[in-house]
Amino acid sequence: AGPPNHVKSAKATEVPAGTGRVVLDLAQGEFYIHAEHPGQGVRVEATYDTEVYLIEDYFESFPDSSWVYGVRSQRTISGLHAIFRQLMAGGKSPKIQVFLPVDVPLELQFLVQEGGCDVELGGLWITTADFRFQKGGFALEVEAPLREPMQRMTIRGRMGGFEAENLGNASPRLLDVSCKMGGADI
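The text that follows walks through the structure, step by step, so that each part is easy to find. Quick caveat, the model's predicted, so the values are computed rather than measured.

1. What to know about the overall build of the protein chain
A count of helical and extended segments in the protein chain gives one helix and 15 strands. Relative to its 186 residues, the protein chain shows a buried fraction of 40%.

Written out as structure tokens, the structure is:
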């Protein structure tokens, strides 16, 4: 077999001015969340082997100007086969970067399985955030204050560790953290 078929894509989705919900359900890779430039929608950049991984996105808007944007990734072959492919054919785990608009109120739901993620929320307008990770690592930073204080932030981890820095810049009214079979540094 030849080298893996790596695909690079950049996709921007225009979003209405109403409240949005971003749902990220990602597995077996490297994942990053960043702030996008003002006036921009949601943008996703991904590098992955199309013969090993499937990455899909969806968008739906509603009459009240609210909307939902989601990204799902999953491995399409067994874990053992994927490891063999990485060793023998130079395959790599996917790398997905999600850029979120800074000038739109967002609810963020983020589920990561068997991967690592690096999240920077500084300057965003996040109303609620729900982070869940399993069998991986998770780093969260809020380098600059959010546009408005966050209503709620939930962090749930299993079989992995996480680090959270500068959560005071998010000013969550409710912070709910649970980490099982792993470590946490807040």
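2. Focus on the packing of aromatic side chains
Scanning the entire structure with this criterion turns up six aromatic pairs. Ring geometry for Phe131 and Phe138: centres 5.1 Å apart, planes at 45 degrees, overall tilted. Comparing Phe131 with Phe138, the two get one shared label, buried. Site record: aromatic cluster; members linked through ring pairs are Phe110, Phe131, Phe133, Phe138 and Phe162. For the cation-ring pair, Arg43 lies above Phe99, with the distance from its terminal atom to the ring centre recorded as 3.9 Å.

3. Thoughts on the sheet that holds strand S10 (residues 126-134)
The mixed open sheet is built from seven strands, whose spatial order is S5-S6-S2-S8-S10-S12-S14. With one partner strand each, in any of the chains shown, strand S5 (53-61) and strand S14 (174-180) form the two edges of the open sheet. When strand polarity is set aside, the average angle formed by the axes of neighbouring strands in this sheet is 5 degrees. As paired strands, strand S8 (residues 106-113) and S10 are joined by eight bridges and run parallel to one another.

4. Some words on the environment of Val22
By the element assignment, Val22 lies in strand S2 (residues 20-27). Between the C-alpha atoms of Val22 and Leu106, which are 84 residues apart in sequence, the distance is 7.0 Å. Ignoring any residue separated from it by four or fewer positions in sequence, one finds Val22 in contact with Trp67, Tyr69, Leu100, Leu106, Glu107, Leu108 and Gln109.

5. A few points about the pattern of salt bridges
Taken as a whole, this structure holds five salt bridges when the rule is applied. Close ionic contact of Arg43 with Glu36 constitutes a salt bridge, the shortest N to O distance being 2.7 Å. What emerges from the salt-bridge pattern is a single network uniting Glu36, Arg43 and Glu45.

About the criteria used
Each chain carries its own residue numbering, running from 1 in the written order of its sequence. Only residues with pLDDT of at least 70 are given local features in this predicted model, and only at 80 or more are side-chain atom pairs given and counted; all residues enter the totals for whole chains, interfaces and linings. Note: side-chain values were computed over all heavy atoms of the structure, leaving out hydrogens and water. Note on conventions: DSSP H or I runs of at least 4 residues are helices, E runs of at least 2 residues are strands, and numbering of each starts at the N terminus. Residue burial is assigned from relative accessible area. The probe radius is 1.4 Å, only protein chains are included, and a residue is buried under 20% of its type maximum, exposed over 50%, and partly exposed in between. Aromatic pairing here means that ring centres of Phe, Tyr or Trp (its six-membered ring) are within 6.5 Å. Orientation follows from the plane angle: under 30 degrees is stacked, over 60 is edge-to-face, and everything else is tilted. Two conditions define a charge located above a ring, namely a distance within 6 Å from the ring centre to NZ of Lys or CZ of Arg, and an angle within 35 degrees of the ring normal. Two strands are said to pair when DSSP picks up at least two bridges between them. Where helices are involved, their axes are fitted lines through C-alpha atoms of the stretch in contact, as for all axes, and angles between N-to-C directions lie from 0 to 180°. Here a residue-residue contact requires only that any non-hydrogen atoms of the pair lie within 4.5 Å. Throughout this description, the term salt bridge denotes a Lys or Arg side-chain nitrogen within 4 Å of a carboxyl oxygen of Asp or Glu.

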